[in-house]
Amino acid sequence: MSRAIVVVLDSFGIGCAPDAEKFGDAGADTFGHIAEYRHKQGKPLHLPNLTRLGLFEAHKEATGFYARGHKPSALSGAYACAAEISSGKDTPSGHWELMGVPVHFEWGYFEDKENSFPAELLAQITEACELQGILGNCHASGTEIIKQLGEQHIRTGWPIFYTSADSVFQIAAHEEHFGLKRLYQVCEKVRELLEPYNIGRVIARPFVGENADTFERTANRKDYSVLPPKPTVLDKLQEKGGEVIAIGKIADIFAGQGVTQSIKASGLEGLLTATLNAMETGPDNSLIFTNLVDFDTLYGHRRNIEGYASELEAFDKWLPVIESAMKPEDILVLTADHGCDPTWEGTDHTREYIPLLLSGHHVAAGNRGKRQSFADLGQTLCHLFDLPPMEEGQAIKL
């Protein structure tokens, strides 16, 4: 029986979506603008494996033109671009829609840039968590707010609360001075107290270091998500007796729902090594599901164009290794969950088409067109695993 290896290049959009203007993102193009930047630097992106799998073709399908650096190549995979129909451009919405469950309701948001959280909520949190005070209470970049408030946090013992344009409540605290276990406990309590606000995620953002010059976030981030509103492909496969091997932050995104094995790893090498190990041991009828978070957190949000470009090239070099580990019946899917254009204003996600690159011995190379929803991938996986169909999405012909 088949296995599917789904790798999400977190935030790797390939051109503004049809409704991008609604989000203030008309013209955003994560891949296209990175390629343009590299072209101007005189060192075009070198992505031979992504090219033969159809990345440049998928970008052209989304935008009408090739990204800079395109060189004609014989295709060895099927390619498509997909638009999002979920109400937001956040991580849970993107991943849930990929697995067949778009978000049609509106998330709650903390829209005020300063004094972002309601006083009543903060009072509940400080009492329930026995906190003497809190810092932040604003929209902020995670790395910048740690630089600004990290030293005060160490002196006072007060955690740093902040948010963004996403439906999220983020809590930064020092792993040693505040304690990692205590940070997780605070996040769990905040998750409970946020139920009336319909907030998608609480994120623990631990860091280390002793001053603003040495502070850095660690790999012990933990996301506390609400459950998907309906059963996803993960639930259907688990119910049928299949394996769902979640690598990186996948299990957190689905709040553990439908996951049979969760593997923690960090960094491109760590996550892809874990993926290869899962491919070696994973039985038939398995979904191996990996999120490559650094594209988003280290390069997209931080507007690091060169870092994003270099990470893409590093990932490209891994592809032959991953392909050589595939069994004859395996399907490899490379995709994304939203955009995060590193050339765009601000630090938030961007509403974009995502790539759907599918390959394997039984996948016919060629164009699969513009898909109307990320949920087309979920419907395709249902067909692959002989599962009951999802309510939304159209299966991609392999």
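This report concerns the structure included in the present document. Position numbers for residues count from 1 along each chain, tracking the sequence in the order it is written. Local features are withheld for residues below a pLDDT of 70 in this predicted model, meaning they are given only at 70 or higher, and side-chain atom pairs are given and counted only at 80 or more; totals for whole chains, interfaces and linings count all residues. With hydrogens and water excluded, all non-hydrogen atoms of the structure serve as input to the side-chain values.

## What to know about the overall build of the protein
Logical step 1: Helix and strand assignments come from DSSP, with helices taken as H or I runs of at least 4 residues and strands as E runs of at least 2, each series counted from the N terminus. A count of helices and strands for the protein gives 13 helices and 14 strands.
Logical step 2: Against the compact-globule benchmark of 21 Å for 398 residues, the protein has a radius of gyration of 21 Å, which places it among compact chains.
Logical step 3: In terms of overall dimensions, the protein has a C-alpha envelope of 60 × 50 × 35 Å along the principal axes.
Logical step 4: Within the protein, the proportion of its 398 residues that are buried is 59%.
Logical step 5: Intrachain contacts of the protein at a sequence separation of at least 6 include 69% that bridge at least 24 residues. Two things to know: the radius of gyration comes from C-alpha atoms, and the globule rule equals 2.2 Å times the number of residues to the power 0.38. The classification of residues rests on relative accessible area computed with a 1.4 Å probe and restricted to protein chains. Under 20% of the type maximum is buried, over 50% is exposed, and intermediate values are partly exposed. When checking whether two residues touch, look at their non-hydrogen atoms; a contact exists if any pair is within 4.5 Å.

## Digging into the pattern of salt bridges
Logical step 1: Salt bridges, as used here, are contacts in which a Lys or Arg side-chain nitrogen is within 4 Å of a carboxyl oxygen on Asp or Glu. Evaluated as defined, the whole model comprises 19 salt bridges.
Logical step 2: The shortest N-O distance in the salt bridge between Glu306 and Arg38 comes to 3.0 Å. Here Glu306, found in helix α12 (residues 305-324), pairs with Arg38, found in helix α1 (residues 30-40); they are 268 residues apart in sequence, far enough to count as distant.
Logical step 3: Its relative accessible area of 21% is what places Glu306 among the partly exposed residues.

## Thoughts on the pairing of strand β3 (residues 135-139)
Logical step 1: Of all the 5 residues making up β3, 4 are buried; the element is thus mostly covered by neighbouring parts of the structure.
Logical step 2: Here a strand pair is declared whenever DSSP counts at least two bridges between the two strands. Across 4 bridges, β3 lies against strand β4 (residues 160-163) in parallel orientation. The residue of β4 that forms the bridge with Cys138 is Tyr162.

## Observations concerning the packing of helix α10 (residues 267-281) against α12
Logical step 1: Here the axes come from fitting lines to C-alpha atoms, over the contacting stretch only for helices, and the angles between their N-to-C directions go from 0 to 180 degrees. At a closest axis distance of 11 Å, the pairing of α10 and α12 adopts a crossing angle of 15°. One way to sum up the angle between α10 and α12 is to call them roughly parallel. For α10 against α12, the interelement crossing comes out right-handed. In this structure, α10 contributes Leu268, Glu269, Leu272, Thr273, Leu276 and Met279 to the contact, and α12 contributes Glu311, Ala314, Phe315, Trp318, Val321 and Ile322.
Logical step 2: By residue class, the composition of the contact of α10 with α12 is 9 nonpolar, 1 polar and 2 charged. Angle categories are assigned with fixed cut-offs, so that under 35 degrees is roughly parallel, over 145 is roughly antiparallel, 65 to 115 is roughly perpendicular, and the rest are oblique. We call a crossing left-handed when the near helix sits turned anticlockwise from the far one by less than a right angle, and right-handed when that turn is clockwise. We call Asp, Glu, Lys and Arg charged. Ala, Val, Leu, Ile, Met, Phe, Trp, Tyr, Cys and Pro are nonpolar, and the rest, Gly among them, are polar.

## Focus: the pairing of strand β12 (residues 331-335)
Logical step 1: Counting buried positions along β12 yields 5 of 5 residues, so the element is predominantly enclosed.
Logical step 2: The alternating pattern of β12 places Ile331, Val333 and Thr335 on one face and Leu332 and Leu334 on the opposite face, and all of these are buried.
Logical step 3: Judged from the 5 bridges that link them, strand β1 (residues 4-9) and β12 form a sheet pairing that is parallel. Following the sheet pairing, Val8 is matched in β12 by Thr335.
Logical step 4: Summarising the sheet, β12 and strand β13 (residues 354-359) pair through 3 bridges and their orientation is antiparallel.

## Some points on the sheet that holds strand β2 (residues 78-82)
Logical step 1: Strand order in the open sheet made by the 8 strands is β10-β9-β11-β1-β12-β13-β2-β14, with mixed pairing throughout. The open sheet terminates on both sides in strands that have one partner only, identified here as β10 (261-263) and β14 (366-371). Across the sheet, the mean angle separating the axes of adjacent strands is 15° when strand polarity is ignored.
Logical step 2: Packed on one face of the sheet, α10 meets β1, β9 (243-247), β10 and β11 (286-292) and runs near 175° to β11.
Logical step 3: α12 contacts β1, β11, β12 and β13 of the sheet and is inclined by roughly 170° relative to β12.

## Observations regarding unusual backbone geometry
Logical step 1: You will see that Asn137, though not glycine, has its phi angle at about 60°, which is positive.
Logical step 2: Take Asn137: it is sitting in strand β3.
Logical step 3: Overall, the relative accessible area of 9% leaves Asn137 in the buried class.

## Let's talk about the nonpolar core
Logical step 1: Residues grouped as a nonpolar core are buried Ala, Val, Leu, Ile, Met, Phe, Trp, Tyr and Cys residues, joined through side-chain atoms within 4.5 Å. If you look at the biggest cluster of nonpolar residues, it comprises 87 residues, and the most contacted ones within it are Met99, Leu287 and Phe315.
Logical step 2: In this structure Leu287 touches Ala4, Val6, Met99, Leu234, Leu237, Glu243, Val244, Ile245 and Phe385, once residues within four positions along its chain are discounted.
Logical step 3: If you look at the next biggest cluster of nonpolar residues, it comprises 22 residues, including Leu121, Cys129, Val186 and Leu194.

## A few points about the side chain of Glu313
Logical step 1: With respect to the helices, strands and loops of the structure, Glu313 is situated in helix α12.
Logical step 2: Engagement of the side chain of Glu313 in a polar contact is seen with the side chain of Arg38, the distance being 2.9 Å.
Logical step 3: Separated by 3.0 Å, the side chain of Glu313 and the backbone nitrogen of His46 make a polar contact.
Logical step 4: With sequence-adjacent residues up to four places away left out, Glu313 is seen in contact with Arg38, Pro44, Leu45, His46 and Leu47. As used in this structure description, the phrase polar contact means that two N or O atoms lie within 3.5 Å; if the pair is within protein, one of them must be able to donate a hydrogen and the other to accept it, and residues adjacent in sequence are counted only when both atoms belong to side chains.

## Describing helix α5 (residues 119-128)
Logical step 1: Within α5, the full set of buried residues consists of Leu121, Leu122 and Ile125. Along α5, the residues classed as buried sweep out an arc of 95° about the axis, all on the same side. Relative to its buried face, α5 has exposed residues pointing more than 90 degrees away, namely Ala119, Glu120 and Glu127.
Logical step 2: Contacts from the buried residues of α5 go to β3, β4, β5 (168-174) and α7 (175-193).
Logical step 3: Positive backbone phi, at 55°, marks Glu130, one or two positions downstream of α5. The reported arc concerns the directions from the helix axis to the C-beta atoms and nothing else.

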